[in-house]
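Descriptive structure summary
Listed here are the chains, written in short residue letters.
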Amino acid sequence: MGLPCIHCGEDCGRNPVMWNDKPFCCHGCKTVYQILNQSEMKQYYEIEKMPGIRVETHDVGDKYAFLDLEEVKEKLLDFSDSGRGKVTFFVPGIHCASCIWLLENLNTLHPGIIHSSVNFPKKENYITFKEDEISLRQIAELLASIHYVPEITLDSLDKDKRGKSDKTLLLKIGITGFVLMNVMFYNIPEYLPGGEFLGEKFIGFFGWMSLIVSIPVVVYCSNDYFLSAIKSMKHKIISIDLPIALGITTLFLQSAYDVISGTGIGYLDSLAGLVFFLLIGKWYQGKTYQALSFERDYKSYFPIAVTKIENDKEKVILLEKLEAGDHILVRNMELIPADSVLIKGDGNIDYSFVTGESLPVLKHSGEPVFAGGRQVGSAIELEINKDIEQSYLTQLWNQDSTSDKSDSKLNDLVNNVSQYFTVIILSIAAAAGIFWLFNDPSVALFAFTSVLIVACPCALALTVPFSFGSTMRQFGRKGFYLKKAEVIEKLHQVTTIVFDKTGTITHSKAMKIEFIGDDLDEEMIIMIKSLVRHSTHPLSAALFQNLEGENYYEVENFIEIPAMGISGEINGVKINVGSRKFVTGKDDKNESLKTEVYVYYKDKILGLFQMENRYREGLPEVIKSLKSKNDLHLITGDNESEKANLEKLFGADTVLRFNQSPTDKLEYIQELRKQGKSVLMIGDGLNDAGALNESDVGITIADDIYHFSPACDAILESKRFKDLHKFMKFTNTSLNIVKVSFLISFLYNIFGIYFAVAGLLTPVFAAILMPISSISVVAFATFNVSFFSKRTFME
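Reference entry: report on the structure contained in this document. Keep in mind that this is a model prediction, so the values were computed, not measured. (Residues numbered from 1 in each chain as written. Predicted model: local features only at pLDDT ≥ 70, side-chain atom pairs only at ≥ 80, totals over all residues. Heavy atoms only, no water.)

Now for the side chain of Asn749. Its location among the elements puts Asn749 in helix H25 (residues 724–757). On the accessibility criterion, Asn749 (7% relative accessible area) is buried. For Asn749, the side chain forms a polar contact with the main-chain oxygen of Ser745, separated by 2.9 Å. (Helix = DSSP H or I, 4+ residues; strand = E, 2+ residues; numbered from the N terminus. Buried < 20%, exposed > 50% of the residue type's maximum accessible area, 1.4 Å probe, protein only. Polar contact = N/O pair within 3.5 Å; in protein donor to acceptor, adjacent residues only side chain to side chain.)

Now the structure itself:
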């Protein structure tokens, strides 16, 4: 044995490749190490020892030359505009934490990479890059050079990649089932009385037939367990697949010895049954997880609506009903839901949600715009040219998350338990085998194998994702949409809740509005309505709904200043609509008990709209319930006109802050978190995006306009605001279900191991119990979440 390779851990043999006194098994591994060393990325080797994969030292040559073809790039790129591109690569070589760290730091290997993130379960690498500095081909070659070879098959671009995996698994189940039936048929003499009188030649023939048909089960149908175990051992990791691989190997070798030596027909029926039920369990878990993922990614995941233009009239429709060919209106700060073509207005598209670059891109009529962009400025009209992909928006939403919001104590607990689980099981299995070898050798093999098979941390590992996944599904069906499962745990930990006012605890459209000032003629009303039409602010939306007229003027030089107001020119006439300070320049205290929106027209102040807010249904009950367990705060950009009403609702002990700018809101959340409080911020996603992002959990209240803030962790339909306290309470129920599921998983393993050690379990029965444990946890979590959800929400 030679020295282990610094990069991949393989044996370097007698003549290792040396560099800086470090041994490598080949020049490929040395090259990757040099690249990482030169880029000061040695942390790759600190996360896990020898995490790399052995590099095949062949020149990629023109292997990726086809990526320079325009038609290929058009199919592969998720986004391409203004010198910025985004691509998703399937990289099957991703296998550990070091892989993720390296791939998410590609920008240190090449300055043309802007952002890189990894979806570990899907083995996908999302890369945003500068098209003038690095090409698609060069990215693929860069990945290949560090041996994360992207798997690119253009034929499968329009298909679900999971389909091939499902077909392979079903094929393995089919083959194993066929072998199981045949082996059981060959073993009938062993099951029935009188089988011992069958001639030795027949027994030997049936044994050889069983052995031959079982080979595909070991070599092909169970190869995933062997490959996973071998790969993990190469990196000095003991995976949960190792005990299963050992069990399968032990049964097969013992059976092969019995058949070849003529001493029996072995345990090939147990082997086939073991693999068959393991694969069935794997298939069921996969299908259940897919169902949760499908509902999360595709079914009504974004509840907000879009404004569709049909027959020159504006109509609000659900996002999921949007189709290619539809014309939509996108206002200032609204998100573009699907790839489109600009047909009217001046586009000023902020693609920071997609690429991380905040500099807006100018667009003119006839030019394409991409899903995920946000219009900055006056409203534009778009024609959808590609069906909406909810999964793409979901991916973008999850991409826009900060690491400090992703910590999960429950996941840490599961990972720590799983880390030592396999070592303990191997030790128990070995001890049981040795004990029975000296007491009853006929039981030793079954005891050893049964312990390896029956004990599995899968049920433990599935507890959190399925319990929280079921909770997310129930919440989604009731109008509360979570960014990721960890948000449930974060909501459970909340100690302080901060509310915004306008559009959050008040209705944006159900306001009583009165104009005080000069008489407004029809022309003025149409001009004001045309201006507020471009804004998504709740007060603008309220004015738009209450002002008469269906014809609109073109607005030029539209500007919206957060927490202040909007401005624009119509037919050469300057119009300002907003706060007293924004329109009049005066900042003196307002004694009015109503919200006021001032109007400047041509060269004078016309007057003001007085709006009497109507609070959302169920607000007193929500406040009363939340206040019993949390500190409540209210911060708003409005004046103190409604202070008396708010003090009655929230109580004198609630902190109320008025005239707060977006920066003030952000700093207030930061101060609360510095005090050690776990903060939930609830706003409309417009003037409070910074505060939403800074809080431990941010919830956006969505009306029937396209209010969506990438900074938020959850979206609550405005009509379900009255149930906010019920959603918060149900997170406690969800955590309790997780705890009980943990208990079920531990009890299963304790009793299963006990009976296996006692020699009372056969490997086949252990193989049946193993997936049943996972299925029982999934069923328990799904049923109880559904049951308690119905009780909590009385639906």
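Looking down a regular strand, the side chains alternate between one sheet face and the other. The buried fraction of strand E21 (residues 573–578) is high, at five of six residues. Joining the antiparallel neighbours strand E20 (residues 565–570) and E21 is a turn of two residues, in which Asn571 adopts a positive phi near 55°. Bridge analysis of E21 against strand E22 (residues 595–601) gives four bridges, and the strand direction is antiparallel. Its bridge partner being in E22, Val577 is matched across the sheet by Val599. (Pairing = 2+ DSSP bridges.)

The next point concerns the pattern of salt bridges. Enumeration over the complete set of coordinates arrives at 21 salt bridges. The salt bridge involving Lys344 is made with Glu554; its shortest N-O contact spans 3.7 Å. One end of the pair, Lys344, is in strand E10 (residues 340–344); the other, Glu554, is in the loop between helix H19 (538–546) and strand E19 (556–561), and 210 residues separate them in sequence. Residue classification places Glu554 among the exposed residues on the basis of a relative accessible area of 53%. Members of the salt-bridge network, linked through shared partners, are Glu314, Arg331, Glu334 and Arg533. (Salt bridge = Lys/Arg side-chain N within 4 Å of Asp/Glu carboxyl O.)

One pass over the full model with this rule turns up 15 aromatic pairs. Between Phe435 and Trp436, the aromatic rings sit 5.3 Å apart at their centres with planes inclined by 80°, giving edge-to-face as the arrangement. Residue classification places Phe435 among the partly exposed residues on the basis of a relative accessible area of 46%. For Trp436, a relative accessible area of 16% translates into the label buried. Ring geometry for Phe480 versus Phe727: centroids 4.8 Å apart, planes at 45°, classification tilted. Of this pair, Phe480 sits in strand E16 (residues 480–482) while Phe727 sits in helix H25, and the two are 247 residues apart along the sequence. (Phe/Tyr/Trp six-rings, centres within 6.5 Å; stacked < 30°, edge-to-face > 60°.)

Everything listed here is a matter of coordinates, which is why it stays silent on function.
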